[in-house]
Protein chains: 4
Amino acid sequence: MPSYVSDKEKILLRLRKMEGQLKGIRRMVEEDKYCVDVLNQLYSIIAGTQKVAAIIMKDHIKGCVKDALTRNDHSDDYVNELVEVVERYTKR
Amino acid sequence: MPSYVSDKEKILLRLRKMEGQLKGIRRMVEEDKYCVDVLNQLYSIIAGTQKVAAIIMKDHIKGCVKDALTRNDHSDDYVNELVEVVERYTKR
Amino acid sequence: MPSYVSDKEKILLRLRKMEGQLKGIRRMVEEDKYCVDVLNQLYSIIAGTQKVAAIIMKDHIKGCVKDALTRNDHSDDYVNELVEVVERYTKR
Amino acid sequence: MPSYVSDKEKILLRLRKMEGQLKGIRRMVEEDKYCVDVLNQLYSIIAGTQKVAAIIMKDHIKGCVKDALTRNDHSDDYVNELVEVVERYTKR
């Protein structure tokens, strides 16, 4: 089971909502809606994605990473992998 | 016509691709895929959204904003609105 | 005069404050302070820089860019340059 | 000793360089330099800060967090604290 299993329903709900929003944005563009209205909707996709990422990252650190370090099982691999993910989201 | 009309097909292509990616991410979560794999896919949604936003912002400045200022037609409204959008994306 | 002339004192005040914060962060590192305390202070540098950038961008759009477009004087150069700056801050 | 002790000289070098850059930016504003030139310099402060933060975060995870989890010493506190820092840098 992945570390986010207890937040799975919350995550799926957010992802489904974002799919709807993205479809709505595509329709706005198809119907030639005003640039700034499209930009504002696009921003909510970024914010929504960051929120989902924050939930999964929290669960991953409290789950997989903590477990690997506690049992000292491939712990360096988990630490290096976490550092890479955090760096990607930080440098953005 | 909105300022992005000449990039419309390019934008729609990117949005459709992102809808597919988002659906793929939902499936990954449903199938309990590994946290970091989900996080890496989520990051590509952020990058993709920023790319679409950059295209529309460029078109908007070169189109709507430039037109409004050239004709001095509600130009302050356009300038204030642009400042707001840019601030939102900058402060993030 | 640059577009930010009316906000110049506010900007200088913020920049001087940030110089003090940055010097404080260097001292924290020299004195081996705790990682997370350093990270929290570093974050305030990012937030502070974004705030100053937002002020100058607002002034630039309402000043230089608006003037160039209104007088149609090298307006394409200003628009292209603005697009580049906004893209850099947006894609980050 | 903090986790970043082995990177201390590298970090201090970067922080001193950023202090010089920030002083340079203040001088640019005092001398009424062009908005976009100031904005480009400000961007390098954000990029520089993110780079220093990435170094310290990596060291912190590989040091403090790993140690706390391995020895199971206040490990939940370290995990919660790390989650908070990562969230702040991610959501930005």
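Rules and cut-offs
- Residues numbered from 1 in each chain as written.
- Chains lettered and ligands numbered in written order.
- Predicted model: local features only at pLDDT ≥ 70, side-chain atom pairs only at ≥ 80, totals over all residues.
- Heavy atoms only, no water.
- Least-squares fit on C-alpha atoms with pLDDT ≥ 70 in both.
- Contact = heavy atoms within 4.5 Å.
- Salt bridge = Lys/Arg side-chain N within 4 Å of Asp/Glu carboxyl O.
- Polar contact = N/O pair within 3.5 Å; in protein donor to acceptor, adjacent residues only side chain to side chain.
- Helix = DSSP H or I, 4+ residues; strand = E, 2+ residues; numbered from the N terminus.
- Buried area = accessible area lost by both parts, 1.4 Å probe.
- Nonpolar A, V, L, I, M, F, W, Y, C, P; charged D, E, K, R; others polar.
- pLDDT = per-residue confidence, 0-100.

Asker: Is there a simple way to think about the relation of the copies chain C and chain B in this case?
Answerer: Between the two copies of the chain lies a relationship made up of a rotation around an axis and a movement along it. Rotating chain C by 180° about the axis while translating it 0.1 Å along that axis superimposes it on chain B, leaving an RMSD of 0.0 Å. Viewed as a symmetry operation, the transformation between the two copies matches a two-fold axis. Judged by C-alpha distance, Thr70(C) is the residue of chain C that lies nearest the rotation axis, at 2.5 Å. Residue by residue, 100% of the interface of chain C is reproduced at the interface of chain B, so both copies engage with the same surface.

Asker: Help me understand the interface of chain C and chain B, please; the structure alone is not making it clear to me.
Answerer: A common way to express how large an interface is: the accessible area buried when the components associate. With 23 residues of chain C at the interface, the matching set in chain B holds 23 residues. Here chain C and chain B share two salt bridges between them. Residue Asp76(B) pairs with Lys66(C) through a salt bridge whose shortest N-O separation is 2.7 Å. Put simply, chain C and chain B have four residue pairs in polar contact (both at pLDDT 80 or more) between them. Elements supplying a minimum of two residues to the side of chain C that touches chain B: α2 (35-70) and α3 (75-91) of chain C.

Asker: Any chance you could explain the interface of chain B and chain A here in plain terms?
Answerer: At the interface, 44 residues of chain B touch 44 residues of chain A. Roughly 4400 Å² is buried in total at the junction of chain B and chain A, and carbon and sulfur atoms are behind 72% of that figure. Remark: the boundary between chain B and chain A carries four salt bridges. The shortest N-O distance in the salt bridge between Asp32(B) and Lys8(A) comes to 2.7 Å. Where chain B meets chain A, there are 16 residue pairs in polar contact (both at pLDDT 80 or more). Secondary structure elements with two or more residues in the side of chain B that touches chain A: α1 (8-30), α2 (35-70) and α3 (75-91) of chain B. Among the elements that line the side of chain B that touches chain A, the one with the most residues is α2(B), at 17 residues. Considered class by class, the residues forming the side of chain B that touches chain A number 28 nonpolar, five polar and 11 charged.

Asker: What is the right way to read the confidence of the model for chain A from this model?
Answerer: It should be kept in mind that the predicted coordinates are not to be read in detail where pLDDT is low. With 98% of its residues at a pLDDT of 70 or more, chain A has an overall mean of 93. Scored as a complex, the prediction yields pTM 0.89 and ipTM 0.94.

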